[in-house]
Amino acid sequence: MSSEPAALMSATFHEAGYAHLVELVHQKDAGARRQLASLRVEAYDAAGVRHLDTRLDPRQEILDLEALLGEACRAHGRLLVVFDARYDPAIFPYRPHHYAYLQRRGSAAPPLYYAVNATLGGVPDRIGSVALNNFESYLFLDRPVTERYALALGNLSRFATAEAQVISYYAGVRRTEEVRLPPKAHTEIALAPAHDGHRLGRVELKALFRLTSYIVGRRPREDALVLFDHLFTYFK
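We now turn to the structure provided with this report. Just so you know, these numbers come straight off a predicted model, no measurement behind them.

This part is about the overall build of the protein chain. Regarding its fold elements, the protein chain presents one helix and 20 strands. Per-residue burial over the protein chain gives 46% buried out of 236 residues. Residue pairs at least 24 apart in sequence account for 75% of intrachain contacts in the protein chain once pairs closer than 6 positions are excluded.

What follows is about the sheet that holds strand S3 (residues 38-44). Reading across the sheet, the five strands line up as S4-S3-S6-S1-S9 and stay open at both edges, with antiparallel pairing between neighbours. Each having just a single partner strand, strand S4 (50-56) and strand S9 (117-118) make up the two edges of the open sheet. Bridge count for strand S1 (residues 6-14) against strand S6 (residues 79-87) is nine bridges, and the pairing is antiparallel. Bridge pairing links Met9 to Asp84 in S6.

Right, let's talk about the layout of surface pockets for a bit. Looking at the second largest pocket, its volume works out to about 210 Å³. Along the walls of the second largest pocket sit Tyr138, Leu139, Phe140, Leu141, Arg143, Val145, Glu147, Tyr149, Arg199, Leu200, Val226 and Leu227, which together make up its complete lining. Broken down by secondary-structure element, the contributors of at least two residues to the lining of the second largest pocket are strand S10 (134-139) and strand S19 (225-230). For the lining of the second largest pocket, the class distribution of residues is nine nonpolar, no polar and three charged.

For the rest of this paragraph, the subject is the packing of aromatic side chains. A complete count under the given rule lists seven aromatic pairs for this structure. Judged by centre distance (6.1 Å) and plane angle (75°), the ring pair of Phe13 and Tyr214 falls under edge-to-face. Separated by 201 residues along the polypeptide, Phe13 in strand S1 and Tyr214 in strand S18 (residues 212-218) bring together distant segments of the chain. Considered together, Phe13 and Tyr214 belong to a single accessibility category, that of buried residues. Between Tyr114 and Tyr214, the aromatic rings sit 5.8 Å apart at their centres with planes inclined by 90°, giving edge-to-face as the arrangement. A residue pair is termed long-range when its members are at least 10 positions apart, and Tyr114 in strand S8 (residues 112-115) and Tyr214 in strand S18 qualify at 100 residues. Grouping residues by exposure puts Tyr114 and Tyr214 together as buried.

Sheet architecture is open: four strands sit in the order S5-S2-S7-S8, paired in antiparallel fashion. The sheet terminates laterally at strand S5 (62-64) and S8, the two strands that pair on one side only. Neighbour to neighbour, the strand axes of the sheet diverge by 20° on average, direction disregarded. Here strand S2 (residues 18-23) runs beside strand S7 (residues 99-104); their pairing, made up of six bridges, is antiparallel.

Right, let's talk about empty space enclosed by the protein for a bit. All chains considered together, the criterion is met by one cavity of 30 Å³ or more. For the largest cavity, the calculated volume is near 50 Å³. Around the largest cavity, the lining residues are Phe13, His14, Glu15, Tyr18, His20, Arg78, Leu102, Val216, Leu225 and Phe228. For the lining of the largest cavity, the secondary-structure elements that each account for two or more residues are S1, S2 and S19. Residue classes in the lining of the largest cavity are distributed as six nonpolar, two polar and two charged.

Here the focus is the nonpolar core. In terms of nonpolar packing, the biggest core is built from 43 residues, with Val22, Leu39, Val41, Leu63, Leu69, Phe83 and Phe228 touching the most fellow members. If we ignore the near neighbours within four places in the chain, the residues touching Phe228 are Thr12, Phe13, Leu102, Leu112, Tyr114, Tyr214, Ile215 and Val216. Judged by nonpolar contacts, the second largest core, of 23 residues, contains Tyr138, Leu181, Ile189 and Leu231.

Keep in mind that most residues, glycine aside, have a negative phi and that most peptide bonds are trans. Positive phi is not limited to glycine here, since Ala171 has a value of about 50°. Residue position: Ala171 is located in the loop between strand S12 (162-170) and strand S13 (173-181). Overall, Ala171 belongs to the exposed group, its relative accessible area being 62%. One non-glycine residue, Lys184, lies in positive phi territory at about 65°. Mapping Lys184 onto the fold places it in the loop between S13 and strand S14 (186-191).

Calculation rules
Residues numbered from 1 in each chain as written. Predicted model: local features only at pLDDT ≥ 70, side-chain atom pairs only at ≥ 80, totals over all residues. Heavy atoms only, no water. Helix = DSSP H or I, 4+ residues; strand = E, 2+ residues; numbered from the N terminus. Buried < 20%, exposed > 50% of the residue type's maximum accessible area, 1.4 Å probe, protein only. Contact = heavy atoms within 4.5 Å. Pairing = 2+ DSSP bridges. 1 Å grid on protein atoms, 1.4 Å probe; cavity = no way out; pocket = protein on both sides within 12 Å on 5 of 7 lines; lining within 4 Å. Points joined across faces, edges and corners; volume = space filled by probe spheres on them. Nonpolar A, V, L, I, M, F, W, Y, C, P; charged D, E, K, R; others polar. Phe/Tyr/Trp six-rings, centres within 6.5 Å; stacked < 30°, edge-to-face > 60°. Axes fitted to C-alpha atoms, helices over the stretch in contact; angles between N-to-C directions. Core = buried A, V, L, I, M, F, W, Y, C linked by side-chain atoms within 4.5 Å.

No statement about biological role is implied by the geometric values presented.
Below you can see the structure in the form of structure tokens.
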């Protein structure tokens, strides 16, 4: 085994009342050799206050976030959940991404299965960089909108405040919103489903370094999540 384990930092959001199971190692192997070297899990409220810091058995396969964080979520609202995983690159052919199952308890909405957002927070791509040089994008289907959409953002940096632009496109018309997030803070930016009669077609996120980002869609009446998907980096 390698004497220098590699690192993977990922993050998601958890809300009370959801069944939320995280598959910690997706790339299974017949000999069961693909296990993490270590795994630390932290959780922060919207202001960046930490409410959990624990180390898990790296042999654990599934993590139940509702069992771990349900009480804290009911007291403090939605939490940013950070996974700091270390692994042996000689064992894993590529980074051991986490995957998750998500469904609101008692809801008729179908369950969601998503890839946990791998995030590089707190270190600009270039030393001395002053431009917004990390770009991520999400495309929406051209169909009638029945959900409420938003962009959930979290800053994993330990020290740096994140400055970002959220740009929504409506048939070529741009709407830009400036966002500032202190370290470990998170927020949800509402996305208008239409503007001047044109549907929301694309959202871009521009930041100095990579943030935790998910497009979320909710049913208006019951507020249940029907979309939870990370954005895609197309230029860096």
